[in-house]
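Coordinate analysis (summary)
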Amino acid sequence: MPDDAAPARTVRRDSGPEPLWEQAAAVILEDIGRRGLSAGARLPPERELCARLGISRITLRKALAHLVDRGVATASHGRGWFLASPGTSRDWPNDLESFTATARRKQLRPGSLVLRQEVAPASLDQADRLAVAAGTPVFHLDRVRLLDDVRIAVDRTLLPAELAPGLDRVDFGSASLFEELRARGLEPDRSEATIEARGADAVLAGHLGIAPGAPVLVLDQAVYGREQRPLLLSTVEYSGERYRLRTTLPSG
């Protein structure tokens with residue numbers, strides 16, 4: 001995408017119900033194909049893309065996040081956006097990636113059954129892990145995560161409500177939390193995670209449609225933003241019968 005080349009078409013605010021970020025993603029994708037760019041090519045800077053497309057940086061980042069979810073683009077912290085390289089198939093992400101992005105990368109249809117979606121005061125433990133005062137309003141989002149309508153995991157997430165207003169009104173039956181955060185200018189940067197195996201209790205087993213005591217793989221993580229402050233806490237309990245861990249570890 002040479003710097004002096006204009007996009008094939010521009011984003012139109014009068015084009016009907018299609019959101020601006022979807023239009024922007026489509027335009028960027030068209031330009032990538034029209035210019036025959038290969039994996040590893042760098043996209044123009046965000047400021048330049050915003051000027052060309054006539055959109056805000058928040059809208060652009062949501063469009064680029066969508067392309068990341070589709071496996072078209074990738075972000076490099078401090079360097080910009082690049083065309084993704086075709087990767088080998090893997091069941092577990094090698095970097096910080098949303099459930100929705102993982103599903104799309106594997107060409108599966110993501111979905112959710114929302115169990116809890118509300119703002120409530122932070123407990124002492126929650127406040128300590130999020131580096132906020134006890135009683136601070138935090139947004140709770142508990143979901144049964146689906147792949148092609150199969151129950152795969154229960155995902156329980158919470159974050160300070162003031163960081164991302166309006167999340168309690170989003171339809172998370174289909175929406176991606178990471179995409180909603182990026183649309184509000186919040187960029188997940190890294191996570192600290194632990195993984196362990198457990199047996200499912202009766203409540204979890206009911207949500208996943210498995211037998212009590214069946215094995216589950218529990219991912220507990222704290223996700224940090226670019227300012228290196230806690231952005232959200234997430235505990236995801238995967239059905240051991242329907243999800244497996246496979247990744248690549250480079251030699252030291």
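Relevant structure appears above.
It should be emphasised that the depicted structure is a prediction, and the values quoted were computed from it without experimental measurement.

Glancing now at the pairing of strand E8 (residues 230–239). Counting buried positions over the ten residues of E8 gives nine, a clear majority of the element. Bridge analysis of strand E5 (residues 150–160) against E8 gives six bridges, and the strand direction is antiparallel. Its bridge partner lying in E8, Ala 153 is registered against Tyr 238. Sheet topology note: the strand E7 (residues 215–225)/E8 ladder contains nine bridges and is antiparallel. Each bridged residue has a counterpart across the sheet, and for Val 223 the counterpart in E8 is Leu 232. Connecting the antiparallel pair E7 and E8 is a turn made up of four residues, with Gln 228 showing a positive phi of about 65°.

This part covers the pairing of E7. For a regular strand, side chains alternate in direction, first toward one face of the sheet and then toward the other. In terms of burial, E7 is a largely internal element, nine of the eleven residues being buried. The pairing of strand E6 (residues 188–199) with E7 spans eleven bridges and is classified as antiparallel. Note that in E7 the partner of Gly 199 across the bridge is Pro 215.

On to the side chain of Glu 180, then. The topology assignment puts Glu 180 in helix H6 (residues 177–183). Setting aside chain neighbours within four positions, we find Glu 180 in contact with Lys 62, Leu 167, Val 170, Phe 172 and Ala 175.

This part takes up the sheet that holds E7. Reading across from one edge, E3-E4-E5-E8-E7-E6 is the order of the six strands in this open sheet, with antiparallel pairing throughout. One side of each edge strand has no neighbouring strand; the edge strands of this open sheet are strand E3 (110–121) and E6. Recorded for the sheet is a direction-independent mean angle of 15° between the axes of neighbouring strands.

A few words on the environment of Pro 160. For Pro 160, the position within the fold is in strand E5. Setting aside anything within four residues of it in sequence, one finds Pro 160 in contact with Leu 130, Val 132, Pro 137, Val 138 and Leu 231.

The next thing to look at is helix H1 (residues 20–34). For H1, with 15 residues, the first-to-last C-alpha span of 21 Å sits near the 21 Å given by 1.5 Å per residue. The set of residues buried in H1 consists of Trp 21, Gln 23, Ala 24, Ala 25, Val 27, Ile 28, Asp 31 and Ile 32. Packed against the buried residues of H1 are helix H2 (46–53), helix H3 (57–69) and strand E2 (80–83). One or two residues past the end of H1 sits Gly 36, with phi positive at roughly 60°.

What follows deals with the packing of aromatic side chains. Summed over the entire model, instances satisfying the criterion amount to one aromatic pair. Residue placement shows Arg 190 over the ring face of Tyr 224; its charged tip is 4.1 Å from the ring centre.

Turning next to the pattern of salt bridges. For the coordinates displayed, the defined rule picks out 18 salt bridges. When the shortest N-O distance is used, the salt bridge between Arg 116 and Glu 118 registers 2.6 Å. Given a relative accessible area of 35%, Glu 118 falls into the partly exposed group. As a salt-bridge pair, Arg 190 and Glu 192 come within 3.0 Å of each other at their nearest N and O atoms. You can call Arg 190 partly exposed: its relative accessible area is 29%. Judged by relative accessible area, which is 45%, Glu 192 ranks as partly exposed.

Cut-offs applied
- Position numbers for residues count from 1 along each chain, tracking the sequence in the order it is written.
- Restriction of local features to residues with pLDDT of at least 70 applies here, the model being predicted, together with a cutoff of 80 or more for giving and counting side-chain atom pairs; totals for whole chains, interfaces and linings are based on all residues.
- Each side-chain value is worked out from all heavy atoms of the structure, with water and hydrogens disregarded.
- Burial here depends on accessible area, computed with a 1.4 Å probe over protein chains only, as a share of the maximum for the residue type. Under 20% is buried, over 50% is exposed, and the range in between is partly exposed.
- Strands here are runs of E lasting at least two residues and helices are runs of H or I lasting at least four, both read from the DSSP assignment and numbered beginning at the N terminus.
- Any two strands with at least two DSSP bridges between them are considered paired.
- Note on contacts: a residue pair is in contact if any heavy atoms of the two residues lie within 4.5 Å.
- Where helices are involved, their axes are fitted lines through C-alpha atoms of the stretch in contact, as for all axes, and angles between N-to-C directions lie from 0 to 180°.
- One less than the residue count of a helix, multiplied by 1.5 Å, gives the span that helix is expected to have.
- Here is the rule: rings of Phe, Tyr and Trp (six-membered ring for Trp) pair when centre to centre is within 6.5 Å. Planes less than 30 degrees apart are stacked, more than 60 are edge-to-face, and the remainder are tilted.
- Charges are assigned to positions over rings by a cutoff of 6 Å between ring centre and Lys NZ or Arg CZ, combined with an angular limit of 35 degrees from the ring normal.
- Counted as salt bridges are all cases of a side-chain nitrogen of Lys or Arg within 4 Å of a carboxyl oxygen of Asp or Glu.

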